[in-house]
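# Topology and contacts: notes
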Amino acid sequence: TFFGYAYFLRATFTGNAIFWDATFTRDAYFGRARFENGLRFQGRGFPQDKGSGVVNFTNVTLERPERVYFQDVDLSRASFLGTDLRQVHFINATWAKRRERRWRPGRPLNVVYDDPRVSKGKDAKEADYHQAAELYRQLRVNLEENRQHIEAGDFYVGQMDMRRHDTHLGWLYRGLLTVYRWAALYGESYWRPLILYFVLAGLLFTPLYLMGGFRGATAADVHRPAWAGTGALWDGAFWGDYAQAAYLA
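Just so it is clear, the model here is predicted, and its values are computed rather than measured.

### Some remarks on the overall build of the protein
- What the protein contains, in helices and strands, is five helices and 11 strands.
- In the protein, which comprises 249 residues, the proportion classed as buried is 42%.
- Pairs at least 24 apart in sequence give 46% of the contacts found in the protein among residues at least 6 apart.
- When the accessible surface of the protein is split by element, carbon and sulfur atoms take 55% of a total near 14,100 Å².

Now the structure itself:
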């Protein structure tokens, strides 16, 4: 158990590094460390509460990434920016929920956890968004290969959010991404397009049917514009026509 801050900055681990049931109660720093062989974190592990610290794995060199395991650990306060995670094994790992992430300049996502000590400069912000998008892509591919599709979809949202904030991609592209996020969460939400469909049907296409007229259930020819002559909006005939137009829409 590490009761205080644990610093492994720029350390080199030449053999297997095994942290089995190790507990970090405060911040743990592995930034720019080098692992020349295997690495395993399993059980117990990292801080989980907002006041208990973060775990920093930024710019870590993993020479044998296929022998790196994070198993049964909480990674909701871990940072991996600048570390290649494509072949790392994540087994029953816990990540921060999407709503707990903050897209702030210089602190864009949970894998670069919301740590006030991170630089907020403009250059750092742009670099963070680009690197964070790549990191999310690596995590998405990693989890897809391990058939963790729900978690992979979550990281896909993070990847696209980072691209949406990256000013190097142009305002038109980022604007389209904003619309795509709003309409369907980049294709990861089913209820957003469903709601959009009913909104468009009820507020756009139904009034178009009402204005242009339509063939009624018993009429041989197309109606007059459906609201003509029906009186006030509370007239039952209007709402009958509206319901029929909505059905057609």
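### Comments concerning the side chain of Arg 181
- Counting through the fold element by element, Arg 181 comes out in helix 3 (residues 171-184).
- Residue class for Arg 181 comes out buried when judged on its relative accessible area of 18%.
- Polar side-chain contacts of Arg 181 include one of 2.7 Å to the side chain of Asp 161.

### Observations regarding the pattern of salt bridges
- All chains considered together, the criterion is met by seven salt bridges.
- Between Arg 64 and Glu 66 there is a salt bridge, and its shortest N-O distance comes to 2.9 Å.
- When its relative accessible area of 32% is taken as the criterion, Glu 66 is described as partly exposed.
- Here Glu 144 ties to Arg 140 by a salt bridge, and the two come within 3.6 Å at their closest N and O atoms. Linking Glu 144 with Arg 140, this pair stays in helix 1 (residues 122-145), spanning four residues, or about one helical turn.
- Each of Asp 161, Arg 164 and Arg 181 takes part in one network of salt bridges that share partners.

### What about the packing of helix 2 (residues 149-165) against helix 3?
- In contact at an axis separation of 8 Å, helix 2 and helix 3 are set at 140° when each is read in the N-to-C sense. In terms of crossing hand, the pair formed by helix 2 and helix 3 is left-handed. Facing helix 2, whose interface residues are Met 160, Asp 161, Arg 163, Arg 164 and His 165, helix 3 presents Tyr 173, Arg 174, Leu 177, Thr 178 and Arg 181.
- Partitioning the contact of helix 2 with helix 3 into residue classes produces three nonpolar, two polar and five charged.

Calculation notes
Residues numbered from 1 in each chain as written. Predicted model: local features only at pLDDT ≥ 70, side-chain atom pairs only at ≥ 80, totals over all residues. Heavy atoms only, no water. Helix = DSSP H or I, 4+ residues; strand = E, 2+ residues; numbered from the N terminus. Buried < 20%, exposed > 50% of the residue type's maximum accessible area, 1.4 Å probe, protein only. Contact = heavy atoms within 4.5 Å. Areas by Shrake-Rupley, 256 points an atom, 1.4 Å probe, with all protein chains shown as cover. Polar contact = N/O pair within 3.5 Å; in protein donor to acceptor, adjacent residues only side chain to side chain. Salt bridge = Lys/Arg side-chain N within 4 Å of Asp/Glu carboxyl O. Axes fitted to C-alpha atoms, helices over the stretch in contact; angles between N-to-C directions. Left-handed = near helix turned anticlockwise from the far one by under 90°. Nonpolar A, V, L, I, M, F, W, Y, C, P; charged D, E, K, R; others polar.

The values reported here are purely geometric and, on their own, carry no functional implication.
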